[in-house]
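# Topology and contacts: notes
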Amino acid sequence: MAELYHECGIAAVYHLPGAETSPLTPRQDQTETSRLIPRLLLDIQNRGQLAAGMTAYHPERNQLIDTHRDVGTVTEVFHLNHQFKFEQLMEEYAGRAAIGHVRYATCGKDDRSYAQPFERHHIEKSKWFSFAFNGQLANYPELRDEVLSESNFHLARETDTEILMHLISQDISRRSKPDHLDLLTELSGRLDGAYNIVFLNALGDMFVARDPLGIRPLCYAKDGPLFAAASESVALSNMGFPESSIKSLPPGCAVIIQDGEFSIKQFVAPRQPAHCFFEWIYFANVASTLDERSVYLARKHLGEELADLEDVPIDDDTIVVPVPDTAKAAADSMAYRLNVPSLEGLIRNRYVGRTFIEGSNRADKARAKYTPLPEVMEGKRVLLVEDTIVRSTTMKALISQVRERGRASEVHVRVACPPIIAPCFYGIDMSTVSELFAPKFFEGVAITPAVEQEMASTLGADSLRYLPLDAISRSIGIGGDSLCQACIDGCYPTPAGTKLYQLALGNRTANEEQHQGRTYDTTVSASTRT
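Residues numbered from 1 in each chain as written. Predicted model: local features only at pLDDT ≥ 70, side-chain atom pairs only at ≥ 80, totals over all residues. Heavy atoms only, no water.

## Quick notes on the side chain of serine 333
Formally: Elements are defined by DSSP. Helices are runs of H or I of four residues or more, strands are runs of E of two residues or more, and each kind is numbered from the N terminus. Under the rule applied, a polar contact is a pair of N or O atoms within 3.5 Å (in protein, one hydrogen donor and one hydrogen acceptor; residues adjacent in sequence only if both atoms are side-chain atoms). Residues count as neighbours in contact if any of their non-hydrogen atoms are within 4.5 Å of one another.
Structurally, serine 333 is set in helix α10 (residues 328-338). A polar contact is formed between the side chain of serine 333 and the backbone oxygen of lysine 300, at a distance of 2.7 Å. Residues in contact with serine 333, not counting those within four places in the same chain, are Arg299, Lys300, Gly303 and Glu304.

## Digging into the pattern of salt bridges
So the rule is basically this: Salt bridges, as used here, are contacts in which a Lys or Arg side-chain nitrogen is within 4 Å of a carboxyl oxygen on Asp or Glu. Buried residues are those whose accessible area, probed at 1.4 Å on protein chains only, stays under 20% of the maximum for their type, while exposed residues exceed 50% and partly exposed ones sit between those limits.
Going through the model one piece at a time under the given rule, you end up with 31 salt bridges. Arginine 35 serves as the salt-bridge partner of glutamate 87, at 2.6 Å between the closest nitrogen and oxygen. One end of the pair, glutamate 87, is in helix α3 (residues 83-92); the other, arginine 35, is in the loop between β2 (8-15) and α1 (36-43), and 52 residues separate them in sequence. What makes glutamate 87 buried here is its relative accessible area of 18%.

## Notes on helix α13 (residues 393-404)
To be explicit about the condition: Residue count minus one, scaled by 1.5 Å, sets the expected span of a helix.
For α13, built from 12 residues, the straight-helix expectation of 16 Å at 1.5 Å per residue is met to within 8% by its first-to-last C-alpha distance of 17 Å. Thr394, Met395, Ala397, Leu398, Ile399, Gln401 and Val402 are the residues of α13 that are buried.

## Let's talk about unusual backbone geometry
Geometrically, the link from glutamine 116 to proline 117 is a cis peptide bond, its omega value of 5 degrees lying close to zero. Considering the arrangement of structural elements, one finds proline 117 in the loop between β5 (97-103) and β6 (118-120). Of the consecutive residues proline 324 and aspartate 325, the connecting peptide bond is found in the cis state with omega at -5 degrees. Structurally, aspartate 325 is set in the loop between β18 (318-322) and α10. Phi at aspartate 291 is positive, roughly 50 degrees, even though this residue is not glycine. With respect to the helices and strands, the residue aspartate 291 is situated in the loop between β16 (289-290) and β17 (293-294). The backbone of glutamate 292 sits at a positive phi, close to 65 degrees, despite the residue not being glycine.

## Describing the sheet that holds β18
Threshold: Following DSSP output, two strands are said to pair if at least two bridges run between them. Interaxial angle, 0 to 180 degrees, is taken between N-to-C directions of lines fitted to C-alpha atoms, where a helix line uses only the stretch in contact.
Strand order in the open sheet made by the four strands is β18-β21-β22-β24, with parallel pairing throughout. Strands with a single pairing partner mark the edges of an open sheet, and in this sheet they are β18 and β24 (463-466). Taking each pair of neighbouring strands and ignoring which way they run, the sheet shows an average axis angle of 20 degrees.

## Observations regarding helix α6 (residues 180-190)
Stated precisely, the cut-off is as follows: The reported arc concerns the directions from the helix axis to the C-beta atoms and nothing else.
Where α6 is concerned, the buried positions are His180, Leu183, Leu184, Leu187 and Ser188. Seen end-on, α6 carries its buried residues on one side only, within an arc spanning 135 degrees. Looking at the packing, one finds that the buried side of α6 touches α5 (160-173), β8 (193-201), β9 (206-209) and β13 (253-258).

## Notes on the sheet that holds strand β10 (residues 219-223)
Strands sit in the order β4-β3-β5-β2-β11-β10-β12 across an open sheet of seven strands; the sheet is antiparallel. Two strands close off the open sheet at either side, each with one partner strand: β4 (65-71) and β12 (246-248). Averaged over all pairs of adjacent strands, the angle between their axes in this sheet comes to 15 degrees, without regard to strand direction. As paired strands, β10 and β12 are joined by three bridges and run antiparallel to one another. Among the inter-strand pairings, alanine 221 is bridged to a residue of β12, identified as isoleucine 246.

## A look at a nonpolar patch on the surface
Using the following cut-off: Like charges are joined within 9 Å and nonpolar side chains (Val, Leu, Ile, Met, Phe, Trp, Tyr) within 5 Å, but only among residues with over 30% relative accessible area and no salt bridge; these make up the patches. For the accessible areas, the method is Shrake-Rupley and the probe is 1.4 Å, while residue cover comes only from the protein chains on display.
Among the surface-exposed residues, Val286, Tyr296 and Leu297 lie close enough to one another that they form a single nonpolar patch of about 250 Å² accessible area. Looking at the element boundaries, tyrosine 296 is found in helix α9 (residues 295-309). For tyrosine 296, a relative accessible area of 40% translates into the label partly exposed.

## Considering the packing of aromatic side chains
For the record, the criterion: The criterion for an aromatic pair is that two Phe, Tyr or Trp rings (for Trp, the six-membered ring) have centres within 6.5 Å, with stacked assigned to planes under 30 degrees apart, edge-to-face to planes over 60 apart and tilted to the rest. Sitting over a ring, as applied to charges here, requires NZ of Lys or CZ of Arg to be within 6 Å of the ring centre and within 35 degrees of the ring normal.
A complete count under the given rule lists 12 aromatic pairs for this structure. Both rings, one in tyrosine 282 and one in phenylalanine 283, keep their centres 4.8 Å apart while their planes meet at 75 degrees; by these two values the pair is edge-to-face. The exposure classification of tyrosine 282 matches that of phenylalanine 283, with both residues buried. An aromatic cluster is present here, built from Phe118, Phe129, Phe131, Phe199 and Phe207 joined pairwise through their rings. Lying over the aromatic face of phenylalanine 262, lysine 222 brings its terminal NZ or CZ to 5.4 Å of the ring centre.

Worth remembering: the numbers are spatial, not functional.
Right, here's the structure in full:
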């Protein structure tokens, strides 16, 4: 769905010391291990296109850890299309260990200072560190106010990442020597939300940590002396790690590398997981496996669920058309079960990306992003399959395009997800309640056929159907009590998330009563910072 974006993705690599060199290491040189970071980040570019960066560790360099980061895609930031510039960069940032980050954010300045990793210089090696962060802190307002209550403290950016840097720095400054497990335990008591962290210091210590609820995915692999981690398994598979070595890091656990020794430790007592279901139905690369569940198979099952609900006449003029690209697996399996063709009636312009497009509204961008093919859709009953509807602006534009330029005779929208009724406070760019499409038509989580038809009329479609709530856990293969489904059921897995939702509902009610339209409040709108 063109209206929905993820916050960011993280990666890490470490070649453990010793005589043996991993065959996966570039040029069979342990100090070239950092070259793997751009490759890992390229495979998780779907998680953020605004900025990218890396920090590398080399014990024989004056800059023991050194950071390169900038605004742009991975290709732009690391000069992947310019071999000479890329080689210069990789020589400058060579090292046996490195961390990396790709960023997307809904606000904050579009400049280099917001790119990650964040590095903190210090003459004491244990206090000189760099880190990157994937997620969002739901209790950010409270943490920010706590920091600013000290007159000597100042925050230069409106970002959770700077809050995290402050908390990590405070903890490290109190210790005579690093204790990464205690640091993470302390953090877990302060933080509410989603927070996957990769950390590297000037001693060559690294940790890769996943929050206690496992909201965001985090995968790792170790093969011989080479360790790597990334937000998605596909990055590790493409690097060449054996499938058997790729695992999801358990929630509340961290990979810690200290004094050249590798370990996996639990930094907080196990809790009921709250894996974000959106990772499977939309965000993650379809080739990834997250928490032992295949993204492709989850989307395939979603399509089968849609097919089982279908009641429009099926004949030779009926076709299924996916909205590229994330809805394709669901559309294909739906079509297969219905025994109708799944055809590419919408062609996506893959070069739009971050490029400036004249006109700032979403309908203009949808028209620039998708081209309908009348050769495919003219005179057809089109089952248009989408993964979700957030604000509805893009969907309205697509339906109009399918009718006018595609010349379809009927357009029936099928959504491989229940209605979005609430914002996300854990790292997804999702609207305030007043901007969401579904809550304008009904309250609660149960939707009726009559409401769906009213929605269809508003969108300009002949019909609309969402999946029921219980289809999500069935399709993913994880119980609903182990998934965060707050945006479709209003039940948040953390206290701060619940509090922000109540504030958001209050804002919506106040806005409706005052007839003042849309309001924006950084304390209750979703995903505004990282």
